[in-house]
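These are the residues of each chain, in order.
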Amino acid sequence: MNTDKVDGIIKKYGKEQSAIMSILQDIQSEYNYLPREALEQVSKKMSIPLSKIYGIATFYKVFSLTPRGRHLIKVCLGTACHVRGAPQILEEIERKIGIRAGETTGDLKFTLERVNCLGACALGPLVMINNDYYGQMTSAKVDKILKAYD
Amino acid sequence: MIKKLKNRTDLENLKESILKKKDKKKHCIIVSSGTCGQTSGSEKVIEKFKDEIKKQDMGKQVELKVTGCHGFCEVEPVALIQPEGIFYQKLKAEDVPEIISETIVKGKVIEKLLYSDTETGKKIPYEKDIPFYKKQSRIIFGNNVLIDPTSIDDYIGIGGYEALGKVLFKMKPEEVIEEVKKSGLRGRGGGGFPTGKKWGFCRQAEGDVRYVICNADEGDPGAYMDRSLLEGNPHSVLEGMIIGAYAIGSSEGYVYIRAEYPLALKNLEKAISQAEGYGLLGKNILGSDFNFRVKITRGGGAFVCGESTALMASIEGRVGEPRAKYVHTIESGLRDKPTNLNNVETWANVPMIISRGAGWYAKIGTQKSKGTKIFSLVGKIKNTGLVEVPMGMTLREIIYDIGGGIPGGKKFKAVQTGGPSGGCIPEELIDLPVDFERLAEAGSMMGSGGMIIMDEDNCMVDVAKYFVDFLREESCGKCVPCREGLENMYNILAGITEGRGKEEDIGLLKELSEVLSEGALCALGTTAANPVMSTLRYFPEEYESHIRDKKCPAGVCKELVLYSIIEEKCNGCGLCRKKCPAKAISGEPKKVHVINQAECIKCRQCFEVCRFGAVKIE
């Protein structure tokens, strides 16, 4: 692990405790998850106990302590998507890639997440894969859409 | 080179020079490109416009303006052609050359790109005649159409930061507070607390340092007006905050923004740096002795952080757990200093109140709820979108006149307002005027303004379960009533929807609801039972059929429905058999197919793919 990168991020935001969210967010975008070594380094440099940092990393949903897949699937389960049948879409994706929401496939291809509202309710039910949006989803469309990613 | 504005005259001169530069003879093509626009493909349309303007050599005759959301999400991407006001909808890149060559060059309206009335099917050429817009009063949201959110000059051109100039040089802080009090503005984040009163308390609170915060952690599922304001008009929010900070006596502010809103974050960051460049933020704003700066904190995807004390803990770099509010945050909030927190939409109301006057503002709305409110009209509704209406408009007007009613000839069942803290309002209350008081009387609340429309195919027990599940996941776990109460409520509701419901469950649900509303630490918990209570109040028969008859009348709850094939309608095409992931459907080609109930996982795919309506759910 390149410790300079983590140092650089800490330097950018400063060592005040209030910077911790931004620091962890930047570390996550750098590594796609929060590696233990990085958190240890943050703990040491910022003089915040590692347990506190883990508390924050596990409380907030944006953080992941395990490596995530190459493709991030977000299934919107906001109310508008829910009433238009989002749960069936999520179930179908779970069946197709063989993991539950919140998990990553063994080959690190997909990570599946449920999100509470992507705010594009006109297109519901909505699925987002990486930066691509798929609106007006049906479970019948799932297979074809997933095949476009490898 | 950006020059700092040293006084009010500089601002006035800048506005004048911006307006002078504007070529009024030019056509303006306005394309909305907020998150929903981009999701629907606005970026490709914009690229094509740029290419085509160059290609047809129209740079001198036409200006392209990319703005935030105009609110009519259903028909995105849209283009508004000014000065005529022609409204083109559901655009594709290939429509663009024709718009330039026909509409801009020859002045012809292109019929096929027009919006058709949902009732009559008649084509409507002009935006002002479209029913979705006609009944709205877009005093806040309407500015999204006028400005490129990444250009501070656009905002200044429409009178932006004039209100700030007015308060800094013509009004004492106390007078600003008095004006906001007189306007009757109440918090748009859900609570509805009078904004001016809050500012007054905070100003009077003891302490040398005070903070102002903008709550942009818009977490209610189905509500996205704050995002659209930040994306489409970030300076209006900033100007509101600066005015508020001046009134309260604060020199440091924070915007706590939801992690899922990358475009809003980008536009806000840009707006802050532009405002700093002009000296509208920072030291000696507009040459006065008032200093104020704004920092951004990105949220971490925790719903509870929309609660003020949890939000402040999160800004401090701690776990976002709320605390008991014996001591209010206006006395001891962020870093134990007096802190005034308002939501995005509240801040965006402020500049207008100052420039147009409290008297003007107080004329809009009802006796106790003044001004307009932006609602997100979503779910089973024809015209999905963001609508801004005066307080007091009835649900019927919003849902039918603006929203166009329910699609697919289905019957309206309920509207859910107020997010997970709100409730479901049934059809018999459709003439309810929408304001803070009336929604609360009906067992729901204003909340941040989500309106989720449900039709006959939605199960109200399932909806109650959905919200309890949502809150159970989002509960921070600090207090027992919320942590354990919601878990138990969820288990009971799951039991009811899975056919294990017992008569006594209803009593138990009511009891747990009371415990939550009496005993939970923060508003997330005390209001958590509202979706359950309101559905019990208005739809008791749905609970009864789940519990007594083990049936889900809407056909939603998987364990209580059976899928079967209607013999007369099935022509044996075999599509359902091929699609069925459980291999539960059998049948020979061109013969009636059968679903094996023991294998069926009720995934709904056969129902969706059948073109003959031969799959029955009951």
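Residues numbered from 1 in each chain as written. Chains lettered and ligands numbered in written order. Predicted model: local features only at pLDDT ≥ 70, side-chain atom pairs only at ≥ 80, totals over all residues. Heavy atoms only, no water.

Draft legend 1. Local environment of the domain arrangement of chain A. Considered domain by domain, chain A is made up of domain 1 (3-59) and domain 2 (71-147). One C-alpha centre belongs to domain 1 of chain A, the other to domain 2 of chain A, and the line joining them spans 30 Å. (Domains from an automatic or database assignment.)

Draft legend 2. Local environment of the side chain of His593(B). Residues and elements named next belong to chain B. Examined against the element boundaries, His593 turns out to sit in the loop between strand S17 (585-586) and strand S18 (594-595). A relative accessible area of 2% places His593 in the buried class. At a separation of 3.1 Å, a polar atom in the side chain of His593 contacts the side chain of Arg577. At 2.9 Å, the side chain of His593 and the backbone oxygen of Lys591 are in polar contact. In this structure His593 touches Ile565, Cys570, Gly572, Gly574, Cys576, Arg577, Ile585, Ser586, Gly587 and Glu588, once residues within four positions along its chain are discounted. (Helix = DSSP H or I, 4+ residues; strand = E, 2+ residues; numbered from the N terminus. Buried < 20%, exposed > 50% of the residue type's maximum accessible area, 1.4 Å probe, protein only. Polar contact = N/O pair within 3.5 Å; in protein donor to acceptor, adjacent residues only side chain to side chain. Contact = heavy atoms within 4.5 Å.)

Draft legend 3. The confidence of the model for chain B, seen in detail. Here chain B averages 95 in pLDDT, while 100% of its residues score no lower than 70. The ipTM value of the predicted complex is 0.93, and its pTM value is 0.95. (pLDDT = per-residue confidence, 0-100.)

Draft legend 4. Structural detail: helix H6 (residues 86-97) of chain A. End to end, H6(A) covers 17 Å across 12 residues, agreeing with the expected 16 Å (1.5 Å per residue, within 8%). Looking only at H6(A), the buried set comprises Ala86(A), Gln88(A), Ile89(A), Leu90(A), Glu92(A), Ile93(A), Glu94(A) and Ile97(A). Those residues of H6(A) that are buried lie in contact with strand S1 (71-76), helix H5 (79-83), strand S2 (110-115), strand S3 (127-129) and helix H7 (142-147) of chain A together with helix H25 (605-609) of chain B. Looking one or two residues past H6(A), Gly98(A) carries a phi angle of roughly 70 degrees, positive in sign. (Expected span 1.5 Å × (residues − 1).)

Draft legend 5. Local environment of the pairing of strand S12 (residues 385-390) of chain B. Residues and elements named next belong to chain B. Of all the six residues making up S12, five are buried; the element is thus mostly covered by neighbouring parts of the structure. Here strand S11 (residues 372-379) runs beside S12; their pairing, made up of six bridges, is antiparallel. Across the sheet, residue Lys373 finds its bridge partner in S12, namely Val389. In textbook terms, the turn of a hairpin is the stretch between consecutive antiparallel strands, and for S11 and S12 this stretch comprises five residues. (Pairing = 2+ DSSP bridges.)

Draft legend 6. Quick look at the packing of helix H1 (residues 3-13) of chain A against helix H3 (residues 36-46) of chain A. Residues and elements named next belong to chain A. It is at 10 Å that the axes of H1 and H3 come closest, and there the two elements cross at 45 degrees. The angle between H1 and H3 falls in the class oblique. Crossing angle aside, the handedness with which H1 passes H3 is right-handed. Of H3, the residues touching H1 (which contributes Thr3, Val6, Asp7 and Ile10) are Ala38, Gln41, Val42, Lys45 and Met46. A per-class count over the contact of H1 with H3 returns five nonpolar, two polar and two charged. (Axes fitted to C-alpha atoms, helices over the stretch in contact; angles between N-to-C directions. Parallel < 35°, antiparallel > 145°, perpendicular 65-115°, else oblique. Left-handed = near helix turned anticlockwise from the far one by under 90°. Nonpolar A, V, L, I, M, F, W, Y, C, P; charged D, E, K, R; others polar.)

Draft legend 7. Here's a closer look at the environment of Val350(B). Residue and element names in this part refer to chain B. When you line up the elements, Val350 lands in helix H14 (residues 344-356). Judged by relative accessible area, Val350 falls into the buried class, the value being 1%. Sequence-wise, Val350 and Glu179 are 171 residues apart; in three dimensions their C-alpha atoms are separated by 9.9 Å. Those residues within four positions of Val350 in sequence are excluded, and the remaining contacts are Leu185, Trp199, Gly240 and Ile243.

Draft legend 8. Geometry of helix H1 (residues 8-21) of chain B. Residue and element names in this part refer to chain B. Taking 1.5 Å of rise per residue, the 14 residues of H1 would be expected to cover 20 Å, and the 20 Å separating its terminal C-alpha atoms lies within 8% of that figure. Where H1 is concerned, the buried positions are Leu11, Leu14 and Ile18. For H1, the buried positions fall inside an angular range of 60 degrees around the axis, keeping them on one side. Residues Glu16 and Lys20 are exposed on H1 and point more than 90 degrees away from its buried face. Close packing links the buried residues of H1 with helix H6 (152-157) and helix H7 (162-170). The opening residue of H1 is Asn7, an N-cap whose side-chain oxygen sits 3.2 Å from the backbone nitrogen of Thr9. (Arc of directions from axis to C-beta.)

Draft legend 9. Summary view of the domain arrangement of chain B. Residues and elements named next belong to chain B. Taken domain by domain, chain B holds domain 1 (25-82 + 86-125), domain 2 (152-362), domain 3 (372-455), domain 4 (460-549) and domain 5 (562-617). Centre-to-centre, using C-alpha coordinates, domain 1 lies 34 Å away from domain 2. Counting from both sides, the interface comprises nine residues of domain 1 and, opposite them, seven residues of domain 2. Carbon and sulfur atoms make up 48% of the area that domain 1 and domain 2 hide from each other, which totals about 520 Å². The largest share of the area that domain 1 buries against domain 2 comes from Thr35, Lys65 and Cys69, three residues that together contribute 53% of it. Inspection of the region where domain 1 meets domain 2 yields one salt bridge. In this structure, Lys65 and Asp154 form a salt bridge, with 2.6 Å as the shortest nitrogen-oxygen distance. Summed over the shared surface of domain 1 and domain 2, the result is two residue pairs in polar contact (both at pLDDT 80 or more). Looking at the side of domain 1 that touches domain 2 element by element, the count peaks at three residues for helix H2 (residues 35-39). Looking at the side of domain 1 that touches domain 2 residue by residue, the class counts come to three nonpolar, five polar and one charged. (Buried area = accessible area lost by both parts, 1.4 Å probe. Salt bridge = Lys/Arg side-chain N within 4 Å of Asp/Glu carboxyl O.)

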